[in-house]
Amino acid sequence: MLVEQLQSFMAAAPAITALLGTPASRSDSMNGLFFSQAPDAPSLTMPYIVYSQADGLSLAESSQGSGTLRSATWLISCYGGTAKQAKKLAMAVKNALLVPFSVPTTTGIWLRREADEPVQMAKGVLFGVHVSFEIIYNETQ
């Protein structure tokens, strides 16, 4: 499944891991990659990434039904304690994913949007950079 491949790819990408750290090096003992939502934990270490699929559709249809060639839009949100930290993480994600055939089963990945979002918190500001990608891939189990 594409979600598992994205998780594995980002967890192994040297530029992303250099910024996120590893479970052994992070005070929260997590890898900093979260599907759909980050845990609500006061000890959550900055920076971190939240990723989810925004939409998707089949690209190969016939009278037999939908084929396995799909297009999906994925939103990857990079959060940091400073705007610079969030932007550097977003740049690492873009540089890693936009290499042709970087993620198994993909046939193309295109950057579609990027937006900054400062989020007011009780004790300061959380900075987010949201990048969305269109991914063409073959669905696997």
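Structure first, text after, so check above.
First, a word on what this report is: a plain description of the structure on this page. For every chain, the first residue of its written sequence is number 1, and the numbers climb from 1 along that sequence. For a predicted model such as this one, the threshold for reporting local features is a pLDDT of at least 70, and the threshold for listing and counting side-chain atom pairs is 80 or more; totals across whole chains, interfaces and linings nevertheless cover every residue. Values reported for side chains reflect all heavy atoms of the structure, with hydrogen atoms and water molecules removed beforehand.

**Overview of the packing of aromatic side chains**
Now for step 1: Stacked, edge-to-face and tilted are the three classes for Phe, Tyr and Trp ring pairs, Trp counted by its six-membered ring, which pair at centre distances within 6.5 Å; planes under 30 degrees apart are stacked, over 60 edge-to-face, the rest tilted. For the coordinates displayed, the defined rule picks out four aromatic pairs.
Now for step 2: Taking the centre distance of 5.7 Å and the plane angle of 65° together, the rings of phenylalanine 35 and tyrosine 51 count as edge-to-face. Residue phenylalanine 35 is found in strand β1 (residues 33–35), and its partner tyrosine 51 is found in strand β2 (residues 48–58); the two are separated by 16 residues along the sequence.
Now for step 3: Using a 1.4 Å probe on the protein chains alone, a residue whose accessible area is under 20% of its type maximum counts as buried, one over 50% counts as exposed, and one in between counts as partly exposed. On the basis of relative accessible area, phenylalanine 35 is assigned to the partly exposed category, the value being 48%.
Now for step 4: The class of tyrosine 51 is buried, set by a relative accessible area of 4%. Secondary structure follows DSSP: runs of H or I at least 4 residues long count as helices, runs of E at least 2 residues long count as strands, and numbering of each begins at the N terminus.

**Focus on the sheet that holds strand β7 (residues 124–138)**
Now for step 1: Within the open sheet, the five strands sit side by side as β1-β2-β5-β7-β6. Their pairing is mixed. Two strands close off the open sheet at either side, each with one partner strand: β1 and β6 (106–121). Averaged over neighbouring strand pairs, the angle between their axes works out to 25° when direction is ignored.
Now for step 2: At least two DSSP bridges between two strands are required for those strands to pair. Note: β2 against strand β5 (residues 69–80), ten bridges, orientation antiparallel. Of the residues in β5, the one forming a bridge with serine 52 is leucine 75. Helix axes are fitted only over the stretch in contact, all axes being lines through C-alpha atoms; the angle between N-to-C directions runs from 0 to 180 degrees.

**Focus on the environment of glycine 81**
Now for step 1: Considering the arrangement of structural elements, one finds glycine 81 in the loop between β5 and α3 (83–97).
Now for step 2: Along the backbone, glycine 81 and methionine 46 are 35 residues apart, and their C-alpha atoms lie at a distance of 6.1 Å.
Now for step 3: Discounting chain neighbours no more than four positions away, the residues touching glycine 81 are Met46, Val125 and Phe127. By the convention used here, residues are in contact when the closest approach between their heavy atoms is within 4.5 Å.

**Comments concerning α3**
Now for step 1: Multiply 1.5 Å by the residue count of a helix minus one, and that product is the helix's expected span. Between its first and last C-alpha atoms α3 spans 21 Å; for 15 residues at 1.5 Å apiece the expected length is 21 Å, and the two agree.
Now for step 2: Along α3, the positions that sit buried rather than exposed are Ala86, Leu89, Ala90, Ala92, Val93, Lys94, Ala96 and Leu97.
Now for step 3: Along its buried surface, α3 packs onto α1 (2–12), α2 (14–20), β2, β5, β6 and β7.

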